[in-house]
Every structure is written in C-alpha cells, then in structure tokens.
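# Examination of the molecular architecture
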Amino acid sequence: MTATREADTTLQSALELLASSTGIDTSRYARLALERRIRRALGLSGFTRAENVLERLKSDDAERERFAREVLAPPMPMWRRPSFFRALRSVCLPLLRTFPSLNVWLVGCGTGEQAYALSILFREEGIAARTRIYATDPCAAALSKAREGVFDLTTLADEEPAYRESGGKLHWSEYFVPIEGDAVLRPDLRDNIVFAEHNWATDASFNEFQLVVCRDLLIRFGRALQERAFSLIDDSLCRSGLLCLGHGESLRLHAMRERYEPVPCGERVYRRTS
Amino acid sequence: MRAGDVVLVGVESRARPWLAKLVSELPIDFVLSMIIVEHGPRSRDDDLASALSAKSKLPIVRVTDKDPIVPGFVYVAPYEYHVLVDRGSLALAIDPPVFGEHLSVDVLFETGTLSYGDDVPKLSVSPKGDDPDDVELLWGDAAGDRRIALSEARDLLLTKSREAREARP
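It should be emphasised that the depicted structure is a prediction, and the values quoted were computed from it without experimental measurement. (Residues numbered from 1 in each chain as written. Chains lettered and ligands numbered in written order. Predicted model: local features only at pLDDT ≥ 70, side-chain atom pairs only at ≥ 80, totals over all residues. Heavy atoms only, no water.)

What follows deals with the overall build of chain A. The helix and strand inventory of chain A stands at 10 helices and 10 strands. Against the globule reference of 19 Å for 274 residues, chain A gives a C-alpha radius of gyration of 19 Å, in line with a compact fold. Counting only C-alpha atoms, chain A reaches 60 × 50 × 30 Å along its principal axes. In chain A, which comprises 274 residues, the share counted as buried stands at 55%. Sequence-distant contacts in chain A: of pairs separated by 6 or more residues, those separated by 24 or more amount to 77%. (Helix = DSSP H or I, 4+ residues; strand = E, 2+ residues; numbered from the N terminus. Rg over C-alpha atoms; globule rule 2.2 N^0.38 Å. Buried < 20%, exposed > 50% of the residue type's maximum accessible area, 1.4 Å probe, protein only. Contact = heavy atoms within 4.5 Å.)

Okay, here's the thing in structure tokens:
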C-alpha cells in the first residue's frame, strides 16, 4: 500500500471511530483542518504508526474521549484575543444592558474556557445576576470536562496578562484554587452557566438570545455546514441582539448578512437589525 | 487556478520592510495571487496588511475564512491563525502553535503544495542580521529549494506573472 493510500485509510478509520464513539458526523467539516487535528491528536507526524494508535483508541475509553476532545473541541485560551473582551465590556454591554435579562448562547463551548471567561466578565460588570450563559457543544467528552472547571494550572496561570489586557478588574488568582498541579475554578462561576449538548448540524434553535458568541467555530466547517449554523443562529438571535464572530470570520459570504450591521468596535460583532 | 497562478510567501517579521518594498514594486497588472504569512516576534496590533497597503498598487486583503483566491490580490494571514490553502480558497485554523508560531509558514506551504502540487512557488524571506534590508531568500518549487539574490526575487515574480497571463485561455 502506498503511503498516501495508507494515510487515507487511517484517516477514514479515525473518522469512523469518531462518528461511532461520539455520534458526530464530521463529513461537512472543513476537511484540511480536520485532517490536521486528527494527525496531531494521534500524536504522530505521519500516519506510519497510526494503525496501532487507532487500535488502542478502540479499546481504551479514556484515550478515546481525549482523542474526541482534541479533534472536535480543541482547547482554547480562556482570554483569546483580549481586545474582543475589552470591546464586549465597553461597547457591547452598554447596548445589551437595555434588555431586562440576558440570554447568552456560547456556541461550541468545547472544554468551557470561554464560558468561564464570560461568566467572570459578567460578574465584574455587575450583570451576572440577570444573565444566563447557555454553553453548548455536540461533544459530550468536552462538555464533561467543561462542567468540571478544572484546567492545567500552568496554562491557566499564564492567562494572567491576557486577563488584565481584557479589562479584568480583580487579581487573576482570585478565580481559581491550585490543587495538585491543576487549577480548580471557583464553583460560583458556574452558577449562571448551563452546559448542554447541542449539535449545530442536526438540532434546532432552543431559545431566544440577546447575545450569541460563536468565535472561531465556523472556520472548522465547510460552507454548507457554515450556512446551516448561521441559519440556526439567525433563528435564535432577537432583534437588536448581538452576534460575535472570530476576527478571521465574517458574514460577508453568507445569505443572512443583510439582516445585520457591524458594531463599530474593532471586532467582528454584528447587530441584528431585522 | 493552477500552481503557476499562486505564490506563497513566508516572511520573518524583522524582514518586513524588505517585503513591503518588494510588494510596492509589483505592477498593477501583476496577476499572481500572493499569500503571505508573517512569523516571529511582533505585537497583536502590529498589522502587516495595513503596512503593505500603504504603498502597494495591488489590493491587500487580510484573510477571512473561505476567502476565494483572486488573481492579482495579496493575501495576508491574520494574527493568531494558521492559513490553509484549500484549492481555490483560503481557510483559517486556530490549532495550537507549530514550532511556537500561530502563523505557521509550514502550514501554508504544506497545504499549498497539497492543493497545487510541488510546482507551486514558495518564497521564504528571513533577515541575515540586524539590517532589515539585508535578507536571505529561499525560492522553492518542483525543482527543489535554492537561494536566490535579492534582485532575482522581483524578476522571478514578474516572469511567473507573465507566464500566468499568457497561459490564460
């Protein structure tokens, strides 16, 4: 078998393993990026020993969960792109405060980093009591890690400069307790977060939201799935509600763009106008 | 779009002034799509696309996900994303850093080669020392990698552009 064919076969086996263990169909994901994540998650630069790794994944539940998390819900820095969080505090929240209560949908929360960042931000801005964050993901393995609120201590401690740059108002270490090399986030940060399984490819809208945060998720999808996800978001966002995308994403190529206007804040934030 | 219509460029941030000069010298009828990834230390707000736009005759685009690759456009990778060449369009990814870099030249070159084959031209620009105008250039294509002189880079690009124009139906 040639190296290319062997790689294709291994990739196909990995995709089948993912589908059977998670129930998530990745056929409409962006193929190139997905392949790269699978290669990395298999821990190999090529596919030469991948068959052995796949065999191990089939028989080891914990390893299979780790594999699913790394491919389907790769970890994100908690305060990725601090300028976004600054814009959220200074430009978006003044607009959102006009709503009596805030339903926030964090689409593709993965292992929960951004959900906790939002919870901290809403607390510091004094609106946590009337805010509920629905943090959803189709990957059950990622959600179970998100609910734990336990992160690698070094990784979390390294977030301190980004937290400060994001407009953080307290000392970063007040939000977690170090236990045996891990950082356990303060349990009260979970009070206004609902972690729930929801699949953007198959499930329908489940609530009306004033704020939808969907940063750097849609880049993982092919065009058809992007359109599906955008349509789902469009069905869920109320009039004058805000949609936040990653700074490498845009509504420009999508059918729903005419119902949105950009919010001038230096970030990819859009306000639904109709 | 074929291999001869695209040029992939990896530039070390300290060599940015040389790249800006090169891009500013490309004529308005330049038809190759140039896709640039900058790597090395720089701040989040230090935007290569803006720096190139100031002097370029060609349209400079900060890549957004699924951007189609258009002839004569210069595409610049946004901060903290890998850029993947996916045949006629560009995709973004936020995978963990490759060799410490969010903007990986390896990812650009690897996916460019996957999309267009070994013949897609690749230009690596890195400084030799502290002088930002004193750079080392590595040109790669199906014939392999070779060092080229500074003056040769512009001529190679213009030749490739002319060939691409002539190859059009």
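From this point on, the discussion continues.
Let us now look at the nonpolar core. Considering soluble globular proteins, one finds that nonpolar side chains tend to be buried as a cluster. Residues and elements named next belong to chain A. In terms of nonpolar packing, the biggest core is built from 47 residues, with M78, W79, L118, F122, W172, F195 and L211 touching the most fellow members. Among residues more than four places away in sequence, those in contact with M78 are F85, E113, Q114, Y116, A117, F151, L156, E159, W172 and L185. Grouped together as the second largest cluster of nonpolar side chains are 44 residues, W200, A201, F221 and Y260 included. (Core = buried A, V, L, I, M, F, W, Y, C linked by side-chain atoms within 4.5 Å.)

The next thing to look at is the interface of chain B and chain A. With 23 residues of chain B at the interface, the matching set in chain A holds 27 residues. For the chain B and chain A pair, buried surface summed over both sides reaches about 2000 Å², with 53% attributable to carbon and sulfur atoms. Scanning the region where chain B abuts chain A turns up four salt bridges. The salt bridge partner of D67(B) is R252(A), with a shortest N-O separation of 2.4 Å. (Buried area = accessible area lost by both parts, 1.4 Å probe. Salt bridge = Lys/Arg side-chain N within 4 Å of Asp/Glu carboxyl O.)

Counted under the stated rule, the structure contains 18 aromatic pairs over all chains. Taken together, a centroid distance of 6.0 Å and an interplanar angle of 50° make the contact between W172(A) and Y175(A) tilted. Overall, the relative accessible area of 1% leaves W172(A) in the buried class. Taking the relative accessible area as the measure of exposure, Y175(A) reaches 1% and is therefore buried. Taken together through their ring pairs, the aromatic side chains of W79(A), F84(A), F85(A), Y163(A), W172(A), Y175(A) and F176(A) make up a single cluster. Sitting above the plane of the Y81(B) ring, R80(A) keeps its charged end 5.0 Å from the centroid. Seen from the ring of F151(A), K145(A) lies directly overhead, with NZ or CZ sitting 5.7 Å from the centre. (Phe/Tyr/Trp six-rings, centres within 6.5 Å; stacked < 30°, edge-to-face > 60°. Lys NZ or Arg CZ within 6 Å of the ring centre and 35° of its normal.)

What follows deals with the pattern of salt bridges. For the coordinates displayed, the defined rule picks out 32 salt bridges over all chains. When salt bridges that share partners are traced, they join R89(A), R97(A), E124(A), E125(A) and K169(A) into one network.

Here the focus is the sheet that holds strand β10 (residues 269–272) of chain A. All names here are of chain A. As summarised here, the arrangement of the seven strands in space is β6-β2-β1-β7-β8-β10-β9, forming an open sheet in which the pairing is mixed. Each end of this open sheet is capped by a strand with a single partner; those strands are β6 (193–197) and β9 (260–262). With direction set aside, neighbouring strand axes in the sheet form an average angle of 20°. Here strand β1 (residues 102–107) pairs with strand β2 (residues 131–137) via six bridges, running parallel. Counterpart to V107 in the pairing with β2 is T136. (Pairing = 2+ DSSP bridges. Axes fitted to C-alpha atoms, helices over the stretch in contact; angles between N-to-C directions.)

Residues and elements named next belong to chain A. Here I24 is to be found in the loop between α1 (3–22) and α2 (31–41). Linking I24 and V107, residues 83 residues apart in sequence, is a C-alpha distance of 16 Å. The contact partners of I24, leaving out residues within four places of it in the chain, are A19, Y29, L72, P138 and C139.

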